[in-house]
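What follows is each chain in one-letter form.
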Amino acid sequence: MQMKTRLHTRQTTFRQLEIFKVVAERLSVTEAAHQLHLAQPTVSTQLAKLSEALNSKLFEQIGKKLYLTDVGEELLRASRELFEVLDRLEMRLAQRAGLSVGRLRLGVVTTAKYLVPAPLGAFCRQHPQVDVEFQVGNRADIKQRLQQNLDDLYVFSHPPSDLDIDATPLTDNPLVVIAPRDHGLVGRGELPWSALAGERLLMRELGSGTRHAIEQHAQSSGLALGQIITIASNEAIKESVAAGLGLAILSRLALTHMAPGNLVELPVQGFPIANRWYLVTAKGKQLSPIAQAFKDFLMQHCVQQ
Ligand code: PGA
């Protein structure tokens, strides 16, 4: 069994070591007492107790000056290390208290459901105790949640310009024209928009950010949209395009995630529509430590290089 030193016993306290450290660094009992808001005799008494516990002199007084003895030097080094360890412990405990329990509430537009799960999964592996609420909706739904302050963080492609928000750009979210592999327009090189004139276009519902982006692009580029079929789901649109119901314009990521195998991107002049995801918070929102940690994590993993 290992012998306990007197520093291990109740004869020595952290407080005594703290007092010693301040005196040793300032080489003045008066200044240390002042810094620690203690009376000078209290400081001297605690130093005497520490010296007694170690059975060694810690200071020498020569003239008016105080010097550390060799033992005092050793003890100062050890005290510094000890308080550094305690500081680090305190920091880790504070982080754990903030991150280990609690809920992370996210609201994302449907195209971002292809972007967010990978970093979210990695984050949850690092913080397995965090409960996550992950809401997916179209732009109008998620905007409403933002207005009602229901979630911590949001991901939009078109952050609402009429709300007081902070929006941080993440990665690109290009919108591309998709077709089934056996479509007559596939393999004919880059097509003018007019080549698509006789095609049905499968479009998301009103309130969708994708639809909003397509309509804006059509308007600013003078493209006629032709016959439109509205389908309120990216997945249903992909299935319908694969089945030959028409063409569609969707996020390129939608094409690589959960997509039927026979879909291809059609090269069309003026496409892809340049788009980007944004991480959005209500202005002035006080983020919980978990939400702040996830925000930092997402910015590390999804910011355009
Ligand atoms: P949405 O998402 O089409 O589901 O609204 C789109 C977006 O803004 O990217």
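Residues numbered from 1 in each chain as written. Predicted model: local features only at pLDDT ≥ 70, side-chain atom pairs only at ≥ 80, totals over all residues. Heavy atoms only, no water.

1. Quick look at the overall build of the chain
Scanning the chain from terminus to terminus reveals 10 helices and 12 strands. The C-alpha atoms of the chain give 33 Å as radius of gyration, which overshoots the globular expectation for 305 residues (19 Å, by more than 25%). Overall size of the chain, expressed as C-alpha extent along the three principal axes, is 100 × 45 × 30 Å. Counting every position in the chain, which comprises 305 residues, the buried fraction comes to 42%. Restricting the contact set of the chain to residue pairs at least 6 apart, pairs at least 24 apart contribute 73%. Just so you have it, the chain exposes about 16,900 Å², and 51% of that area is on carbon and sulfur atoms. (Helix = DSSP H or I, 4+ residues; strand = E, 2+ residues; numbered from the N terminus. Rg over C-alpha atoms; globule rule 2.2 N^0.38 Å. Buried < 20%, exposed > 50% of the residue type's maximum accessible area, 1.4 Å probe, protein only. Contact = heavy atoms within 4.5 Å. Areas by Shrake-Rupley, 256 points an atom, 1.4 Å probe, with all protein chains shown as cover.)

2. Things to note about helix H7 (residues 209–221)
Taking 1.5 Å of rise per residue, 13 residues should cover 18 Å, and H7 covers 18 Å from first to last C-alpha, within 8% of that figure. Along H7, the positions that sit buried rather than exposed are Gly209, Thr210, Arg211, Ala213, Ile214, His217 and Ala218. Buried residues along H7 sit against helix H6 (139–147), strand S7 (175–180), strand S8 (201–203), strand S9 (228–230) and strand S10 (247–251). The N-capping residue of H7, defined by a side-chain oxygen 3.1 Å from the backbone nitrogen of Thr210, is Ser208. Positive backbone phi, at 65°, marks Gly222, one or two positions downstream of H7. (Expected span 1.5 Å × (residues − 1). Polar contact = N/O pair within 3.5 Å; in protein donor to acceptor, adjacent residues only side chain to side chain.)

3. What about the environment of His301?
Note on placement: His301 falls in helix H10 (residues 289–302). Residues His301 and Val29 lie 272 residues apart in sequence; the distance between their C-alpha atoms is 52 Å. Looking at His301, its side chain comes within polar contact range of the main-chain oxygen of Phe297, at 2.8 Å.

4. Things to note about a negative patch on the surface
Together, Glu81, Glu84, Asp87 and Glu90 give the surface a local cluster of negative charge. Topologically, Glu81 is positioned in helix H4 (residues 70–99). (Patch = residues over 30% accessible without salt bridge, like charges linked within 9 Å, V, L, I, M, F, W, Y side chains within 5 Å. Salt bridge = Lys/Arg side-chain N within 4 Å of Asp/Glu carboxyl O. Lys, Arg positive; Asp, Glu negative; His and termini not counted. Charge placed at Lys NZ, Arg CZ, Asp CG, Glu CD.)

5. Points about the domain arrangement of the chain
Interface size is commonly expressed as the accessible surface area that is lost when the partners come together. Assigned domains of the chain: these are domain 1 (7–74), domain 2 (100–171 + 277–304) and domain 3 (175–274). For domain 1 and domain 3, the distance between their C-alpha centres works out to 77 Å. (Domains from an automatic or database assignment.)

6. Digging into the environment of Trp193
Of note, Trp193 is situated in the loop between S7 and S8. A residue is classified by how much of its surface remains accessible, and Trp193, at 14% relative accessible area, is buried. In this view, Trp193 contacts Leu223, Ala224, Leu225, Ile249, Val268 and Phe271; residues no more than four positions away in its chain are not counted. A distance of 2.8 Å separates a polar atom in the side chain of Trp193 from the backbone oxygen of Ala224.

7. Focus on the sheet that holds strand S3 (residues 103–109)
Strands sit in the order S4-S3-S5-S12-S6 across an open sheet of five strands; the sheet is mixed. Two strands lie at the open edges of the sheet, namely strand S4 (131–137) and strand S6 (165–172), each paired on one side alone. When strand polarity is set aside, the average angle formed by the axes of neighbouring strands in this sheet is 20°. Where S6 lies against strand S12 (residues 276–282), six bridges are found, and the strand directions are antiparallel. Along S12, the bridge assignment pairs Asp166 with Thr281. Running over the sheet, H6 touches S3, S4, strand S5 (153–156), S6 and S12 and is turned about 155° from S5. Along the sheet, H10 makes contact with S3, S5, S6 and S12, crossing S3 at roughly 45°. (Pairing = 2+ DSSP bridges. Axes fitted to C-alpha atoms, helices over the stretch in contact; angles between N-to-C directions.)

8. Quick notes on the pattern of salt bridges
In this structure the tally under the stated criterion is 17 salt bridges. The salt bridge partner of Glu133 is Arg103, with a shortest N-O separation of 2.8 Å. A residue pair is termed long-range when its members are at least 10 positions apart, and Glu133 in strand S4 and Arg103 in strand S3 qualify at 30 residues. When its relative accessible area of 28% is taken as the criterion, Glu133 is described as partly exposed. Arg103 sits in the partly exposed class, given a relative accessible area of 44%.

9. A short note on the pairing of S3
Of all seven residues making up S3, five are buried, and the element is well covered by its neighbours. Pairing analysis gives three bridges linking S3 to S5, with the strands arranged parallel. When the sheet's bridge partners are listed, Val108 is paired in S5 with Val155.

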